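Descriptive structure summary
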Amino acid sequence: TPYLKETAAPSPVVDVRLGTERGYRVVVQDVRGRGSSQGEFEPFVNEEADGADSVEWVAGQDWCDGRVVMAGMSYVGATQWLAAAAAPPALRGIAPTLSADDYADGWSYRDGVPELGLLVTWNAIDLAPFETRWHDDPLRAVGELEALAKVAPWSAEWLERAAKPDYWSSRSVAHRRDDVMVPALVIGGWYDVFCDASLRSFARSRHAHDRLVVGPWGHDSELSHLVGDANVGIAGSGVVAELFATVLDFHDAVLAGRPPALPRVSVYVLGAHRWIGLEAWPPPGAECTELGLESAGVRVDPAEPVPSLGGRGLLVEVPGHGFGIRDQRRIAARDDVAVALRHAMPDPCWLAGPARATLRTDAQPGSMWTVTLCVEQPDGALHNLTEGVATDAGDGGVTVSLGDVCAVIEAGRPVVALVAGSSFPRWPRPASAGTQRLLEGSRLELTTAAEPLPVSSQ
């Protein structure tokens, strides 16, 4: 962990008490250059070799039987993937939670657009040396990138608008998953900033014992069922669902050399307040449903961008934390946001897989488009399900990926799509002012499936 081993426990993600009761020894270690570990810290650079060394050291202790498994959240998920890529012989399984195996797309970028709010607040609060952290106002870093780079030098490269493939390939695992020889329990959250990257991590599965669990959570170490302004159901609480017990069950199985008893895929269905088990994600038989978007003009002003409000973002030590379900009505009411779709579902509908907006536009190259998918509540509130961003190439069209969705929509309940030219501070301010048009022929594409059955014991 880069976050100080002394504060890493207790945690619902790695419950030391439960682990020791189940017969495990628990080791928590500072990464190089952090806490009491010597050396120089640079994110993602030394964790592969150091992680392999640490696994082998643990395996050689007289209180260890020579077999090691790993668990943990966020960056502590990255340290698992990186250690696993080095293939230390003693490592038998990993359980990266709210994390990913790629630290470019899906972590630092969203389809080439920097995750500005995440990167600047994370660096200003968690990665900068303790004595230089900007606790009083981490968001000021969005306008003081040079000052941020003085305390977190790597942040300057991270925030460039185009990801550098060579730079990130030396720090990620996604492109060499054949090096990961052990099974992985990938745990994601529908409102987590790394949700899409977690799903892609599982999609690159190489092991028959790999498993996927996706709960309703944001990037929340408490795994709460209170996600933003909404209660998504107590069954969605990671504590009530006994998530860490599930991690230990997985590790028990892989240490014994048997298949985990978990379904291949376990997902929490938003709106249904329950878990289901599946053989694959998206569910077999899922289909694409297309809905037309209305044409509209969208005003763009870098001085007054559309404010980010909840969703799959993350703002570290900022009120609201930048994630979760938030009523989008005040966003929809702005004159620089187009309500491009309001469609009442005629029948109950299970959204179960990727969503995207295919836009026909007249925008200039480099223009930004954001799309937010919402469900209208009985009281009129607009609860956001997911959102996406893309940069227009100026060739008449752009596709905005909204990531995967898992939610039941009741018959008669409208789905709403909001289209804008900015979402700040999650993503950078637009480059220039003007009006960009959403043209006729634009559409929203949703993945739908038959009504889910309560087949999971999760």
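Above this text you will find the structure in question.
Here is a short report on the structure shown in this document. (Residues numbered from 1 in each chain as written. Predicted model: local features only at pLDDT ≥ 70, side-chain atom pairs only at ≥ 80, totals over all residues. Heavy atoms only, no water.)

**Section: the nonpolar core**
Core analysis: the biggest nonpolar cluster contains 130 residues, and Trp122, Trp190, Trp281 and Leu385 have the highest contact counts within it. Non-local contacts of Leu385, meaning those with residues more than four positions away in its chain, are made with Tyr191, Leu270, Arg312, Leu351, Leu373, Cys374, Val375, Val405, Ala407 and Ile409. Formed by ten residues, the second largest nonpolar core is a distinct cluster that contains Val306, Ile331, Ala332 and Val337. (Core = buried A, V, L, I, M, F, W, Y, C linked by side-chain atoms within 4.5 Å. Buried < 20%, exposed > 50% of the residue type's maximum accessible area, 1.4 Å probe, protein only. Contact = heavy atoms within 4.5 Å.)

**Here we look at the packing of helix H2 (residues 47-59) against helix H3 (residues 75-85)**
How two helices pack is summed up by the angle between their axes together with the distance between the axes. Across the interface, H2 lies against H3 with an axial gap of 7 Å and an inter-helix angle of 80 degrees. Between H2 and H3, the angle falls in the class roughly perpendicular. Contacts from Glu47, Glu48, Gly51 and Ala52 of H2 reach H3 at Tyr75, Thr79, Leu82, Ala83 and Ala85. The class makeup of the residues in the contact of H2 with H3 is five nonpolar, two polar and two charged. (Axes fitted to C-alpha atoms, helices over the stretch in contact; angles between N-to-C directions. Helix = DSSP H or I, 4+ residues; strand = E, 2+ residues; numbered from the N terminus. Parallel < 35°, antiparallel > 145°, perpendicular 65-115°, else oblique. Nonpolar A, V, L, I, M, F, W, Y, C, P; charged D, E, K, R; others polar.)

**Notes on the pattern of salt bridges**
Tallying each qualifying case throughout the model produces 28 salt bridges. Linking Arg171 and Glu42 is a salt bridge whose minimum nitrogen-to-oxygen distance equals 3.1 Å. Pair noted here: Arg171 is in the loop between helix H7 (165-169) and strand E5 (185-191) and Glu42 is in the loop between helix H1 (16-21) and H2, with a separation of 129 residues, a long-range link. Salt-bridge contacts for Arg110 lead to Asp196; the nearest nitrogen and oxygen are separated by 3.5 Å. Of this pair, Arg110 sits in strand E3 (residues 109-110) while Asp196 sits in helix H8 (residues 195-203); the two residues are 86 residues apart in sequence, bridging distant segments of the chain. What you see here is one network of salt bridges that share partners, running through Glu290, Arg356, Arg443 and Glu445. (Salt bridge = Lys/Arg side-chain N within 4 Å of Asp/Glu carboxyl O.)

**Some words on unusual backbone geometry**
Outside of glycine, negative phi angles account for most residues, and trans bonds account for most peptide bonds. A cis amide bond, omega -5 degrees, links Trp281 with the succeeding residue Pro282. Note that the residue after Phe424, namely Pro425, is joined by a cis bond; omega there is 15 degrees. Looking at where Pro425 falls in the secondary structure, it is placed in the loop between strand E20 (414-420) and strand E21 (434-438). In this model, Leu223 sits at a positive phi of 55 degrees, which is unusual for a non-glycine residue. Mapping Leu223 onto the fold places it in the loop between strand E6 (211-218) and strand E7 (226-227). A positive phi angle, close to 65 degrees, is found at His321, a residue other than glycine. On the secondary structure map, His321 appears in the loop between strand E13 (311-312) and strand E14 (323-324). Using a relative accessible area of 43% as the deciding quantity, one classes His321 as partly exposed.

**Points about the packing of aromatic side chains**
In the structure shown here, the tally under the stated rule is 18 aromatic pairs. Relative to Tyr75, the ring of Phe44 has its centre 5.1 Å away and its plane inclined at 15 degrees; by these criteria the two rings are stacked. With a gap of 31 residues between them, Phe44 in the loop between H1 and H2 and Tyr75 in helix H3 connect regions that are remote in the sequence. With a centroid separation of 4.5 Å and 5 degrees between ring planes, the pair formed by Phe44 and Tyr103 is classed as stacked. (Phe/Tyr/Trp six-rings, centres within 6.5 Å; stacked < 30°, edge-to-face > 60°.)

**Quick notes on the sheet that holds E20**
On the basis of which strands lie adjacent, the open sheet formed by four strands has the order E15-E20-E17-E18 and antiparallel pairing. Either end of the sheet is taken by a strand with one partner, and the two such strands are strand E15 (337-344) and strand E18 (382-391). Geometrically, the sheet is characterised by an average inter-axis angle of 15 degrees between neighbouring strands, direction not taken into account. Across seven bridges, the pairing between E15 and E20 is antiparallel. Residue pairing across strands places His343 opposite Val415, the latter belonging to E20. (Pairing = 2+ DSSP bridges.)

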